[in-house]
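Report on the structure
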Amino acid sequence: MRGAVLVAIAASIGNLLQGWDNATIAGAVLYIKKEFKLESEPTIEGLIVAMSLIGATIITTFSGAVSDLVGRRPMLIISSVLYFLSGLVMLWSPNVYVLLLARLIDGFGIGLVVTLVPVYISETAPSEIRGLLNTLPQFSGSGGMFLSYCMVFGMSLMDNPHWRVMLGVLSIPALLYFALTVFFLPESPRWLVSKGRMVEAKRVLQRLRGREDVSGELALLVEGLGVGGETSIEEYIIGPANELADDQGAIADKEHITLYGPEEGLSWVARPVKGQSSLALVSRHGSMQKQQSLLLMDPVVTLFGSVHEKLPGMGSMQSTLFPNFGSMFSVADQQHKTEQWDEESLQQEGDGYASDAGAGDSDDNLHSPLLSRQTTGMEVKDIAPRHGSGTSMRRNSSLLQNGGEAVSSMGIGGGWQLAWKWSERKGADGEKEGGFKRIYLHQEGVPGSRKGSLVSLPGVEIPEDSEFVQAAALVSQPALFSKELMDKHAVGPAMVHPSEAAAKGPKWADLFEPGVRHALLVGVGIQILQQFAGINGVLYYTPQILEQAGVEVLLANIGIGPASASILISALTTLLMLPSIGVAMRLMDISGRRFLLLSTIPVLIASLVVLVVANLVDMGTVVHAVLSTASVVVYFCCFVMGFGPIPNILCAEIFPTRVRGVCIAICALTFWFGDIIVTYTLPVLLNMIGLAGVFGIYAVVCTIALVFVFLKVPETKGMPLEVITEFFAVGAKQAALD
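Parameters at a glance
Residues numbered from 1 in each chain as written. Predicted model: local features only at pLDDT ≥ 70, side-chain atom pairs only at ≥ 80, totals over all residues. Heavy atoms only, no water. UniProt positions renumbered as here; feature names shortened; annotations may be inferred. Helix = DSSP H or I, 4+ residues; strand = E, 2+ residues; numbered from the N terminus. Buried < 20%, exposed > 50% of the residue type's maximum accessible area, 1.4 Å probe, protein only. Contact = heavy atoms within 4.5 Å. Areas by Shrake-Rupley, 256 points an atom, 1.4 Å probe, with all protein chains shown as cover. Salt bridge = Lys/Arg side-chain N within 4 Å of Asp/Glu carboxyl O. Phe/Tyr/Trp six-rings, centres within 6.5 Å; stacked < 30°, edge-to-face > 60°. Lys NZ or Arg CZ within 6 Å of the ring centre and 35° of its normal. Axes fitted to C-alpha atoms, helices over the stretch in contact; angles between N-to-C directions. Parallel < 35°, antiparallel > 145°, perpendicular 65-115°, else oblique. Left-handed = near helix turned anticlockwise from the far one by under 90°. Nonpolar A, V, L, I, M, F, W, Y, C, P; charged D, E, K, R; others polar. Core = buried A, V, L, I, M, F, W, Y, C linked by side-chain atoms within 4.5 Å. pLDDT = per-residue confidence, 0-100. Polar contact = N/O pair within 3.5 Å; in protein donor to acceptor, adjacent residues only side chain to side chain. Expected span 1.5 Å × (residues − 1). Pairing = 2+ DSSP bridges. Patch = residues over 30% accessible without salt bridge, like charges linked within 9 Å, V, L, I, M, F, W, Y side chains within 5 Å. Disulfide = S-S within 2.5 Å.

The protein chain carries the name Sugar transporter in an unreviewed UniProt entry, which gives Musa troglodytarum as its organism. Under Subcellular location (unreviewed entry), UniProt gives the following word-for-word description of the protein chain: "Vacuole membrane". Note on the protein chain: under the UniProt heading Sequence similarities (unreviewed entry), the record states "Belongs to the major facilitator superfamily. Sugar transporter (TC 2.A.1.1) family."

Each helix and strand counted, the protein chain has 24 helices and 11 strands in total. Looking at the protein chain as a whole, 59% of its 738 residues are labelled buried. Counted over contacts in the protein chain with a minimum sequence separation of 6, partners at least 24 positions apart contribute 79%. For the protein chain, the accessible area works out to roughly 29,100 Å², and carbon and sulfur atoms hold 62% of it.

It is worth spelling out the pattern of salt bridges at this point. Considering all chains together, one arrives at 16 salt bridges under this definition. Between Arg72 and Glu123 there is a salt bridge; the shortest N-O distance is 2.8 Å. Here Arg72 is found in helix H4 (residues 72–92), whereas its partner Glu123 is found in helix H5 (residues 96–124), with 51 residues between them in sequence. The same class applies to Arg72 and to Glu123, which are both buried.

So, about the packing of aromatic side chains. In total, this model carries 8 aromatic pairs according to the counting rule given. Between Phe671 and Trp672, the ring centres sit 4.9 Å apart and the planes meet at 80°, which makes this aromatic pair edge-to-face. For the pair shown, Phe671 and Trp672 are each scored as buried. Positioned above the aromatic ring of Phe184 is the side chain of Arg207, whose terminal nitrogen or guanidinium carbon lies 4.9 Å from the ring centre.

To continue, consider the environment of Gln470. Relative to the assigned elements, Gln470 resides in strand S11 (residues 469–476). Judged by relative accessible area, which is 7%, Gln470 ranks as buried. Linking Gln470 and Ile238, residues 232 residues apart in sequence, is a C-alpha distance of 6.3 Å.

This part covers the packing of H4 against H5. Each pair of packed helices can be described by the angle between their axes along with the distance between the axes. Running from amino to carboxyl end, H4 crosses H5 at an angle of 155°, the nearest separation of the two axes being 8 Å. Between H4 and H5, the interaxial angle falls into the category roughly antiparallel. By crossing handedness, the relation of H4 to H5 is classed as left-handed. Of the residues assigned to the contact of H4 with H5, the class counts are 20 nonpolar, 3 polar and 4 charged.

By size, the foremost hydrophobic cluster in this structure holds 161 residues, and its most contacted members are Ile32, Trp416, Leu608, Phe643, Phe695 and Phe727. Leu441, Val469, Ala471 and Val475 belong to the second largest nonpolar core, which has 9 residues in total.

Attention shifts here to the confidence of the model for the protein chain. Chain-level pLDDT for the protein chain is 76 on average; 70% of the residues reach the 70-or-more range. Considering only residues more than four positions removed or in separate chains, one finds that residues 311–409, a stretch of pLDDT under 50, has 283 contacts. Throughout residues 489–494 the model reports pLDDT below 50, and contacts reaching past four residues in sequence, or to other chains, amount to 26 contacts.

A few words on the side chain of Arg103. Within the element layout of this structure, Arg103 appears in helix H5. One polar contact links the side chain of Arg103 to the main-chain carbonyl oxygen of Ile48, over a distance of 3.1 Å. Apart from residues no more than four positions distant in its own chain, Arg103 is found in contact with Asp21, Ile25, Ile48, Val49, Met51, Ser52 and Met90.

A few words now on helix H24 (residues 721–737). Taking 1.5 Å of rise per residue, 17 residues should cover 24 Å, and H24 covers 25 Å from first to last C-alpha, within 8% of that figure. Residues of H24 that are buried include every one of Leu721, Glu722, Val723, Ile724, Thr725, Glu726, Phe727, Phe728, Ala729, Val730, Gly731 and Ala732, and no others.

What follows concerns the pairing of strand S1 (residues 231–240). Burial within S1 is extensive, with 7 of its 10 residues counted as buried. In this sheet, S11 lies alongside S1 in antiparallel orientation, the contact comprising 8 bridges. Bridging from a neighbouring strand, Tyr236 pairs with Ala471 of S11.

This part covers the pairing of S11. With respect to burial, S11 is a largely interior element, 8 of its 8 residues being buried. Neither face of S11 is left uncovered, since the one carrying Val469, Ala471, Ala473 and Val475 and the one carrying Gln470, Ala472, Leu474 and Ser476 both have all their residues buried.

Now for the side chain of Asp213. Summarising the element assignment, Asp213 is placed in the loop between helix H11 (198–209) and helix H12 (215–223). At 2.9 Å, the side chain of Asp213 forms a polar contact with the side chain of Ser215.

Another point: unusual backbone geometry. Not every positive phi belongs to a glycine, and Lys37 is a case in point at roughly 50°. If you trace the backbone, Lys37 turns up in the loop between helix H2 (13–35) and helix H3 (42–70). Here the phi dihedral of Ser93 falls at roughly 25°; this positive angle occurs in a residue that is not glycine. Mapped onto the elements of the fold, Ser93 is located in the loop between H4 and H5.

This part is about the packing of H3 against helix H23 (residues 660–712). Running from N to C, H3 and H23 point in directions that differ by 165°, and their axes come no closer than 7 Å. Regarding the angle of H3 to H23, the classification is roughly antiparallel. In this structure, H3 crosses over H23, and the sense of that crossing is left-handed. Across the interface between the two elements, Gly46, Ala50, Leu53, Ala56, Thr57, Thr60, Thr61, Gly64, Ala65, Ser67 and Asp68 of H3 pack against Arg660, Gly661, Val662, Ala665, Ala668, Leu669, Trp672, Phe673, Asp675, Ile676 and Tyr680 of H23. Looking at the contact of H3 with H23 residue by residue, the classes come out as 12 nonpolar, 7 polar and 3 charged.

Our next topic: a nonpolar patch on the surface. The grouping of Val81, Leu85, Leu88 and Phe178 at the surface amounts to a nonpolar patch, some 290 Å² of accessible area in total. Per-element tally for the nonpolar patch: the top contributor is H4, with 3 residues. Counting through the fold element by element, Leu85 comes out in helix H4. Under the relative-accessibility criterion, Leu85 is labelled partly exposed at 39%.

In total, this model carries 0 disulfides according to the counting rule given. Its sulfur unpaired, Cys637 is 6.8 Å from the next cysteine sulfur, which belongs to Cys638. Relative accessible area serves as the criterion here: at 18%, Cys637 is assigned to the buried category. With no disulfide of its own, Cys663 has Cys667 as its nearest cysteine by sulfur position, at a separation of 7.0 Å. The exposure class assigned to Cys663 is buried, which follows from its relative accessible area of 0%.

Given below as structure tokens:
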């Protein structure tokens with residue numbers, strides 16, 4: 001996974017520049033107002049700081065839609081150019097108005113980075129470490145602030161500090177970021193697939209994953225193009241075809257699905273389990289039943305929770321579905337003609353599944369329909385003639401690595417696998433009707449010995465000494481399904497060429513699909529609550545608290561002036577955040593996003609309550625200073641572990657590919673408007689109700705946030721993005737029925 005990690009680190013340098021700029025302007029404004037004599041003009045002074053917020057808000061309004069149109073990478077390149085230009089203009093700045101223009105340009109760069117870096121990392125990262133990599137922007141931003149504060153502190157010790165140099169230095173790291181975005185960062189593979197550029201997408205995936213066989217994930221990305229549609233939850237028992245038969249001849253069951261294995265002559269059978277899946281909304285487990293007793297609990301939260309309860313280790317890189325089975329879901333037809341499955345290609349065959357293999361870019365893993373065909377009591381040999389000549393089993397799709405762990409070409413991450421089935425039945429007129437169904441399969445239960453019966457289900461008999469798996473499935477129509485092509489005998493998961501779907505582009509109507517609307521409620525809600533949870537107020541109050549604790553007096557005794565002391569205190573505060581963010585990075589894919597939020601928000605509430613009490617009750621100077629300092633430190637550490645990075649991580653995960661840019665822009669707009677409101681109402685509130693009142697409001701908001709997270713925010717660790725959006729669609733449908 002080294003390729004994905006390096007790409008995420010390079011992309012997060014944009015957030016380092018954001019943190020760098022935020023810290024630099026906080027220090028430089030002390031000297032700017034002296035040169036331009038702004039002591040009597042607080043409005044202009046406030047605008048110098050706020051202009052970047054205004055610029056970020058303006059560009060966010062259309063950045064999402066434009067990134068869906070032209071790609072993520074070009075927008076990141078533009079952000080690096082904007083950073084570089086703003087640094088040069090700030091270095092020049094002959095008057096305050098040019099400085100305001102430079103700050104506006106800088107805000108444009110910040111807006112693009114804050115909106116698109118989380119999306120870019122989510123779309124390139126493996127699902128097993130997506131949370132860790134998407135915490136990098138928070139770490140980089142805080143690291144940039146610390147480095148900048150150190151630079152500004154050093155310059156503040158000079159006899160005549162040059163604020164233009166402080167601000168202009170931004171251009172140097174911006175050049176590095178520009179070079180990385182142009183020469184190192186690839187385009188998002190999900191965006192490439194959405195435009196039908198399959199060859200490029202495959203090459204990017206191979207680079208990011210460090211392996212040749214990426215057919216499973218590439219197929220998943222194609223399936224991610226869909227928005228809406230009917231999704232159902234089913235349950236299967238999967239085992240060898242020759243062992244999952246009972247005396248009544250289950251192999252002849254018309255409802256079973258044949259899954260083809262990696263070796264010729266080996267096949268597996270998936271038999272549907274009648275009744276409700278244990279992934280369904282009424283769980284067979286006690287803890288899930290307790291959740292169901294809460295009428296306000298969102299069905300989406302319950303669905304996601306049931307997955308993680310069934311396979312607790314799912315988020316780790318050790319987890320692989322069906323580790324003994326290899327790639328069960330693919331049939332290789334070596335007779336298929338090869339062609340470039342790309343938007344530039346004008347040749348498409350109606351009766352074959354166009355592959356990604358062209359001259360000089362051959363890959364057996366993409367020659368074939370990655371398809372599970374549902375039979376009607378036919379043996380495997382009866383299926384081959386329907387595909388043409390010579391159906392042969394794929395031999396190279398399952399690789400044994402790391403001491404025998406099976407790496408399946410159709411594994412899509414997080415313990416999920418992707419398959420398709422073709423069902424045939426007689427219609428009312430007696431003619432055969434058929435249709436594709438796409439299946440996301442997930443093992444239920446904790447992996448253990450596969451000998452004997454691991455599960456006990458009524459009506460299902462499993463022979464002794466057999467190998468089998470109980471699996472839950474999300475079953476839906478393939479993303480590119482087309483009824484018009486049914487009569488042409490098209491074969492494969494993508495029944496319409498992706499470039500045809502790409503030409504349609506995002507539809508604003510997609511935002512009103514139940515699953516997307518539900519995800520927007522979660523994304524916008526958590527962004528609003530994050531901004532009103534008090535981080536800006538605590539940052540504003542920190543210098544005052546540390547001054548009361550005697551830190552400034554101590555620094556003055558060693559010859560550090562008030563301005564330099566203020567900058568140094570801010571640097572130390574930022575330094576405290578870095579270890580906590582490191583802990584969050586480690587836990588993000590182990591404990592999960594929801595767990596971290598539910599664990600840290602109560603600590604935020606307690607810290608704010610202590611600050612309220614400390615400002616209302618006269619405890620003496622020393623006690624007050626100790627309590628306030630400890631509360632602020634604990635608040636910072638817990639905020640950057642949970643409420644700091646997780647809203648952006650979640651918003652980058654829960655939307656379908658086709659509308660992800662637009663939806664993330666809506667959430668980012670909420671973020672910036674909330675930031676502006678909190679920043680400008682804080683002084684007013686301080687005058688009206690004082691510090692205790694302000695912190696009291698923040699404590700109430702954090703309490704509301706805790707309830708909101710518990711009821712509405714699902715656990716998304718370790719799950720492929722496309723599966724996450726399917727769960728939102730199912731949960732929204734269930735919520736509508738309730």
